[in-house]
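Tertiary structure, described
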2 protein chains.
Amino acid sequence: MFESAELGHKIDKETYKQAVPQLRADLLDVQYDLKEQGKIPVIVLVSGQDGAGKGETINILYEWMDPRFISTLAFSAPTDEERLRPFMWRYWRALPPKGRIGVFAGSWYSSPIHDRLDGGMTKAAMDARIDQINRFEAMLVNEGALVLKFWFHLTKDGQKRRLKALEKDPKTAWRVTKWNWDRLKTYDKLQDVVGHVLRMTNTPWAPWTIIEGEDDRYRSLTTGKILLEAIRQRLAHPEKQFTPVAPPSRPNIDGRDVLSELKLNRKPITKADYETQLAKWQGKLSELVRDPRFKNHSVLCAFEGSDAAGKGGTIRRIVSALDARDYQVVPVAAPTEEERAQPYLWRFWRHIPRTGRVTIFDRTWYGRVLVERVEGYCAEADWLRAYSEINDFEHDLSDSGVIVIKFWLQISKDEQLKRFKEREKIEFKQFKITEEDWRNREKWDAYHEAVCDMVDRTSTGNAPWTIVEANDKNFARVKVLRTICERLEAALDAKPGAEGVAAAEKPKKKKD
Amino acid sequence: MFESAELGHKIDKETYKQAVPQLRADLLDVQYDLKEQGKIPVIVLVSGQDGAGKGETINILYEWMDPRFISTLAFSAPTDEERLRPFMWRYWRALPPKGRIGVFAGSWYSSPIHDRLDGGMTKAAMDARIDQINRFEAMLVNEGALVLKFWFHLTKDGQKRRLKALEKDPKTAWRVTKWNWDRLKTYDKLQDVVGHVLRMTNTPWAPWTIIEGEDDRYRSLTTGKILLEAIRQRLAHPEKQFTPVAPPSRPNIDGRDVLSELKLNRKPITKADYETQLAKWQGKLSELVRDPRFKNHSVLCAFEGSDAAGKGGTIRRIVSALDARDYQVVPVAAPTEEERAQPYLWRFWRHIPRTGRVTIFDRTWYGRVLVERVEGYCAEADWLRAYSEINDFEHDLSDSGVIVIKFWLQISKDEQLKRFKEREKIEFKQFKITEEDWRNREKWDAYHEAVCDMVDRTSTGNAPWTIVEANDKNFARVKVLRTICERLEAALDAKPGAEGVAAAEKPKKKKD
């Protein structure tokens, strides 16, 4: 979920200076259109880590836009008046009217996150509040509002650097308190809680946008552009918008994303090293699935990747460490007639392993947001809602003790060409290369974008994506095996009840 | 919520025999159309109290329809295979394919309700499960399914009668076990839990229908007609249906509903009796709001009713028992310009009382499902979603300790005419009668239907409707005052944490 916001995005001064005037003019334009049309209130939630630039961003928005039609609403400790009324009262009071933009510094998310963090709220109470929030936001959207939710993210080191920088500057030193430094200590726990909340409230009608907060120029420009695009899109569809048009994607303003950052052409791992490592992790895996604690769990491995990235070979290295009675490999091709008559997740539910078993999917339910999206096999609204449905699906699984491990195997375009040509030459590999593979190759960029979106929207605490640099097959195989072992080990060691590792829920005897 | 299903509905043998052949023919027709079209799976959940006729209803549906395209899925204690997999797995396996009807005897609702009842599940865990269920059903509907949820209801006495009748008949005696009789003891608790679950899962995309279960003929005929209408409507709109067309209303097959059952022309209360009662309850009210425990609560009274039903006079009798500093009366007329620029609930949120205070709304947020529905001031989709938004709103309030007390004052059509004419005669009352009142009167039947729907869909455990027979003004005033006192007293005595009476939630200090 936070992967794309940990790449160290930066925008240089020159680029920034060139981009801002046009953005400002455009933002003013949409502001007037909004006012003129008078139908849509815009609700902007600005939230994120300490020092991630929430205040600065709000200031910039004020600077760029017409302050007459924008209002900022800051929420900290509730006043007496507020304390005596229901939790949501203060936020209702603050809603911007139609035609205006309300920027919320602190929102209905703040106190649940903090209460959860300091132990004042149970996970179940939190989930109930999350449900309440989702219904509230759905109501706002049904009433015509555009709801934009920003989360400014920092890595742990990034946060440390930001706090130090703020402290050093006499103009900003006052903003850093002991409380902020204390909060840094709970960074990991906060990330756990935030990851859960953001995932559960990342609805089609009010999706989150996570933006890296360290670089001021990158953060401001990205926020401004998303705001602009979202308002423009909404103005173009003035009817009520429960069914989403595309939620705002993070515009790629510096050309960097989770795939572009991969080091695909690293020095190959030596044959000897490969064999040692392979044996080590295969041995480890074999040991872990025989661990008595594994009897309450199962493993579900999901493999996706570029064509010819080596999924099959990698899967063979996993299963060769397992007893044939304990695993199942499910190759996913076009759905059967029986499967087409069911919701698209049905054909995956059928293969969910029982406890103590391993199931490996060679291609997965992510087809909906990859091939079906790129090829137009399903409507935009359908693949858009798939992100949260898939998250729900994987959440159900991990909640019941299933360890969900997802791999994207990535090769470079050159490497793919090389492998395609090889396959055409070697007779017993010819079946592996079809016209379709060549056609897919032409859509390289569309797939690239779909993969980045997929990782952003479905890499969660319970079910993160592991992106594997697969130009070197041996490296990829070792990385995959090691990741499986590490995830399995962590799950077996975990205590139930944490955000990331829910307790397995056992159905009890029941009657009806 | 259960009001309409406690009227003792009955259908006589002759009416039944005449209605069934056509219904069967129609049901077969839609079944074939469904099969032919091959796009929509129909998921029918049959649930309800013990002895309320779940099994009988399923048998009748089988008898009436073509069993080749219908399947029944009975869920009791999970099998070993099921126990080893996530909770939802068994239900996924059982989903009917497109073009077919799957009747679920027992469903994803059964075990949460039972676990909650026997204490194995906390309220918060239950709410989290409810959220999961709502998302699951939304996904089904988005995937094209028609989801129909029936709850067969019995009053406590009705359940006793049914169990005895079943026990007496040698053919059915085997079905009544000690377990059923034990369950009768927890009737009230079950009603509490069920009321909460049904309200929270009564979504626009998969609404509940509550049907009185005591009379076999009434239950079967009503279920069959709703099933028929819902499938017909869905077939007519084959595109995916997240936004609802009207959810199936309970067809009024015996002409009886919560308003028709009122005894409006009861013997008037004597003047002396009225004055004694009035003084008694006013005194009681005055005492209750000065009770120290009231400092954690507030009261919100909502008044709706026929025109000239006497809302104003009743409200004056309430406030005369209160200190002017402690209450506020909010008359609700057309929204101001400022209010129109906000979601429709905003103008009511502004007036939410702080703790220790009483707010009385003379006409309310129910305008959306009454006048706005009847006059067509808002789109059907908007007033349809309002039911659950209003329930959420009132739930938020009660969750924070607000005691929500709602009155519908009903007079007969004749009594209204009498009062209208009186008003026209008496000069100082002329302002009270306008052209609009006469126009509304012409829409008497449309309002009647809207009121019945409103009570069915928004009378909840925390915020029930009290329907007041108001032909006798004095009777009405006493009933209202007594109800307020009783609700207030119950709330002050209640322990937090139960379904009906959630703990007041205090916002804690927070930062962002």
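Residues numbered from 1 in each chain as written. Chains lettered and ligands numbered in written order. Predicted model: local features only at pLDDT ≥ 70, side-chain atom pairs only at ≥ 80, totals over all residues. Heavy atoms only, no water.

**Some details on the sheet that holds strand S9 (residues 402–410) of chain A**
Residues and elements named next belong to chain A. Selection criterion: Two strands pair if DSSP finds at least two bridges between them. Secondary structure elements are defined from DSSP: runs of H or I of at least 4 residues count as helices, runs of E of at least 2 residues count as strands, and each element is numbered from the N terminus. To obtain each axis, a line is fitted to C-alpha atoms, and for helices this fit is confined to the stretch in contact; angles are then taken between N-to-C directions over 0 to 180 degrees. It only takes one pair of heavy atoms within 4.5 Å for two residues to be counted as in contact.
With respect to topology, five strands assemble into an open sheet ordered S7-S8-S6-S9-S10, the strand pairing being parallel. Pairing within the sheet leaves two strands with one partner each, and these edge strands are strand S7 (327–331) and strand S10 (465–469). In this sheet, neighbouring strand axes are inclined to one another by 20° on average, regardless of whether the strands run parallel or antiparallel. Here strand S6 (residues 298–305) pairs with S9 via eight bridges, running parallel. Bridge pairing in S9 links Leu300 to Val404. Taken strand by strand, helix H12 (residues 311–319) contacts S6, S7, strand S8 (358–362) and S9, and its axis lies near 160° from that of S6.

**Some details on the UniProt feature "domain: Polyphosphate kinase-2-related" (unreviewed entry) in chain A**
Residues and elements named next belong to chain A. Rule in force here: UniProt positions are given in the numbering used here, feature names are shortened, and annotations may be inferred rather than shown by experiment.
The feature "domain: Polyphosphate kinase-2-related" (unreviewed entry), as annotated in UniProt, sits at residues 11–234 and 270–491 in this numbering. Along residues 11–234, the helical share is 57% and the strand share 13%, with 28 Å between the first and last C-alpha atoms. Overall, residues 270–491 shows 52% helix and 14% strand. The separation of its end C-alpha atoms is 31 Å.

**Some points on the pairing of S6(A)**
Residues and elements named next belong to chain A. Operational definition: We call a residue buried when its accessible area falls under 20% of the maximum for its residue type, exposed when it is over 50%, and partly exposed in between, using a 1.4 Å probe and counting protein chains only.
Buried residues dominate S6, accounting for eight of its eight residues. Because side chains alternate across S6, one face comprises the buried residues Ser298, Leu300, Ala302 and Glu304, and the other comprises Val299, Cys301, Phe303 and Gly305, equally buried. In this structure, S6 lies alongside S8, joined through five bridges in parallel fashion. Considered in S8, the bridge of Leu300 is made with Thr359.

**Section: the sheet that holds strand S7 (residues 327–331) of chain B**
The strands making up a sheet are joined through hydrogen bonds of the backbone, oriented either antiparallel or parallel. Residues and elements named next belong to chain B. Taken together, the five strands give an open sheet; going across it, the order is S7-S8-S6-S9-S10, and neighbouring strands pair in parallel fashion. Where the open sheet ends on each side, the last strands, each with one partner, are S7 and strand S10 (465–469). Ignoring which end each strand starts from, the neighbouring axes of this sheet average 20° apart. Examined bridge by bridge, strand S9 (residues 402–410) and S10 share five bridges and lie parallel to one another. Among the inter-strand pairings, Phe407 is bridged to a residue of S10, identified as Thr466. Contacts from helix H16 (residues 380–399) reach strand S6 (298–305) and S9, with the element oriented near 135° to S9.

**Describing helix H8 (residues 178–185) of chain B**
All names here are of chain B. Basically, it comes down to this: This arc is taken over the directions from the axis of the helix to the C-beta atoms.
Turning to H8, its buried residues are Asn180, Arg183 and Leu184. Considered in projection along H8, the buried side chains sweep an arc of 105° and stay on one side of the axis. Exposed residues pointing more than 90 degrees away from the buried face of H8 are listed as Lys178 and Lys185. Those residues of H8 that are buried are in contact with helix H5 (110–117), helix H7 (156–168) and helix H9 (187–200).

**Structural notes on the packing of helix H11 (residues 271–289) of chain A against helix H20 (residues 473–493) of chain A**
All names here are of chain A. Rules: Put simply, angles under 35 degrees are roughly parallel, angles over 145 are roughly antiparallel, angles from 65 to 115 are roughly perpendicular, and the rest are oblique. In a left-handed crossing the near helix is turned counterclockwise from the far helix by less than a right angle, and in a right-handed crossing that turn is clockwise. Note on residue categories: nonpolar means Ala, Val, Leu, Ile, Met, Phe, Trp, Tyr, Cys or Pro, charged means Asp, Glu, Lys or Arg, and polar means any other residue, Gly included.
It is at 9 Å that the axes of H11 and H20 come closest, and there the two elements cross at 30°. The orientation of H11 relative to H20 falls into the category roughly parallel. For the element pair H11 and H20, the recorded crossing hand is left-handed. Residues Tyr274, Gln277, Leu278, Trp281, Gln282, Lys284, Leu285, Leu288 and Val289 of H11 pack against Asn474, Arg477, Val478, Leu481, Arg482, Ile484, Cys485, Glu486, Leu488, Glu489 and Leu492 of H20. Classifying every residue of the contact of H11 with H20 gives twelve nonpolar, three polar and five charged.

**Quick word on the relation of the copies chain B and chain A**
Defined as follows: A least-squares fit on C-alpha atoms brings the copies together, and the residues used are those whose pLDDT is at least 70 in both copies.
Note on the copies: chain B fits chain A at an RMSD of 0.0 Å, the axial shift is 0.0 Å, and the rotation between them is 180°. Taken together, the turn and the small shift mark the pair as related by a two-fold rotation axis. A shared binding surface is used by both copies, with 100% of the interface residues of chain B retained as interface residues in chain A.

**Some thoughts on the packing of aromatic side chains**
Residue and element names in this part refer to chain B. To be explicit about the condition: In this analysis, rings of Phe, Tyr and Trp, with Trp reduced to its six-membered ring, are considered paired at centre separations within 6.5 Å, and the interplanar angle assigns stacked below 30 degrees, edge-to-face beyond 60, and tilted for intermediate values.
Scanning the model with the defined rule gives 44 aromatic pairs over all chains in all. For the ring pair Phe75 and Tyr91, a centre distance of 4.7 Å and an interplane angle of 55° mean the geometry is tilted. Taken together, the residues span a long stretch of sequence, with Phe75 in the loop between strand S2 (70–74) and helix H3 (80–83) and Tyr91 in helix H4 (residues 89–94) at a distance of 16 residues. The pair formed by Phe75 and Tyr91 is uniform in burial state, with each residue classed as buried.

**Section: the interface of chain B and chain A**
We apply this condition: Buried area counts how much accessible surface, traced with a 1.4 Å probe, disappears from two parts once they are put together, with both parts' losses summed. The salt bridge criterion pairs a side-chain nitrogen of Lys or Arg with a carboxyl oxygen of Asp or Glu, the two atoms within 4 Å.
In this assembly, 72 residues from chain B lie in contact with 73 residues from chain A. Both sides together, the interface formed by chain B and chain A hides about 6900 Å², and carbon and sulfur atoms give 54% of it. Linking chain B to chain A there are six salt bridges. Salt-bridge contacts for Glu143(A) lead to Arg368(B); the nearest nitrogen and oxygen are separated by 3.1 Å.

**Thoughts on the environment of Thr276(B)**
Secondary-structure assignment places Thr276(B) in helix H11 (residues 271–289). In the structure, Thr276(B) is positioned 202 residues away from Val478(B) in sequence and 9.9 Å away in space, judged by C-alpha atoms.

**Topic: the domain arrangement of chain A**
Residues and elements named next belong to chain A. Under the convention used in this document: Marked domain ranges trace back to an automatic or database domain assignment.
With domains assigned, chain A is organised as domain 1 (12–236) and domain 2 (271–493). Placing a centre on the C-alpha atoms of domain 1 and another on those of domain 2 gives a separation of 35 Å. Of the residues lining the interface, five residues belong to domain 1; the matching set on domain 2 comes to four residues. For the domain 1 and domain 2 pair, buried surface summed over both sides reaches about 520 Å², with 53% attributable to carbon and sulfur atoms. Our count for the domain 1 to domain 2 interface comes out at zero salt bridges. For the side of domain 1 that touches domain 2, a count of residues per class yields two nonpolar, two polar and one charged.

**So, the confidence of the model for chain A**
For residues with low pLDDT, the predicted coordinates do not support detailed interpretation. Test applied: One confidence number per residue, pLDDT, is output by the predictor and ranges from 0 to 100.
For chain A, per-residue confidence averages 86 on the pLDDT scale, and residues scoring 70 or more make up 94% of the total. Of the regions scoring below 50 in pLDDT, residues 500–512 of chain A engages in 37 contacts with residues more than four places distant in sequence or in other chains.

**Some points on unusual backbone geometry**
All names here are of chain A. You will see that Arg363, though not glycine, has its phi angle at about 70°, which is positive. With respect to the element layout, Arg363 can be found in the loop between S8 and helix H15 (371–374). On the basis of relative accessible area, Arg363 is assigned to the partly exposed category, the value being 28%.

**Notes on helix H17 (residues 413–425) of chain B**
All names here are of chain B. Rules: By this rule the span expected of a helix is its residue count minus one, scaled by 1.5 Å.
The first and last C-alpha atoms of H17 sit 19 Å apart over 13 residues, in line with the 18 Å expected at 1.5 Å per residue. Looking at H17, one finds that the buried residues are Glu415, Gln416, Arg419, Phe420 and Arg423. All buried residues of H17 lie within an arc of 135° about the axis, which places them on one face of the element. More than 90 degrees from the buried face of H17, the exposed residues found are Asp414 and Lys425. Structurally, H17 contributes buried residues whose contacts are with helix H18 (435–442), helix H19 (444–458) and helix H20 (473–493).

**Structural notes on the nonpolar core**
Applicable threshold: The set of buried Ala, Val, Leu, Ile, Met, Phe, Trp, Tyr and Cys residues whose side-chain atoms join them within 4.5 Å is what this entry labels a nonpolar core.
Trp108(A) and Trp365(B) are the most contacted members of the largest nonpolar core, which totals 81 residues. The greatest single-element share of this core, amounting to eight residues, is contributed by helix H6 (residues 123–142) of chain A. Once residues within four sequence positions are removed from consideration, Trp108(A) is found in contact with Ile43(A), Leu45(A), Phe87(A), Met88(A), Tyr91(A), Ile133(A), Phe136(A), Glu137(A) and Leu140(A). Core analysis: the next-biggest nonpolar cluster, separate from the first, contains 79 residues, Leu300(A), Phe393(A), Phe2(B) and Leu95(B) among them.

**Looking at the pattern of salt bridges**
The tally for this structure, following the rule as stated, stands at 75 salt bridges over all chains. The partner of Arg373(A) in a salt bridge is Glu449(A), with the nearest N and O atoms 3.6 Å apart. Placement of the pair is Arg373(A) in helix H15 and Glu449(A) in helix H19 (residues 444–458), with a sequence separation of 76 residues. The partner of Arg419(B) in a salt bridge is Glu415(B), with the nearest N and O atoms 2.8 Å apart. Here Glu415(B) and Arg419(B) lie together in helix H17, a separation of four residues that amounts to about one turn. Like Arg419(B), the residue Glu415(B) is buried in the burial classification. Overlapping salt bridges bring together Glu143(A), Arg368(B), Glu372(B), Asp382(B), Arg385(B) and Glu389(B) as one network.

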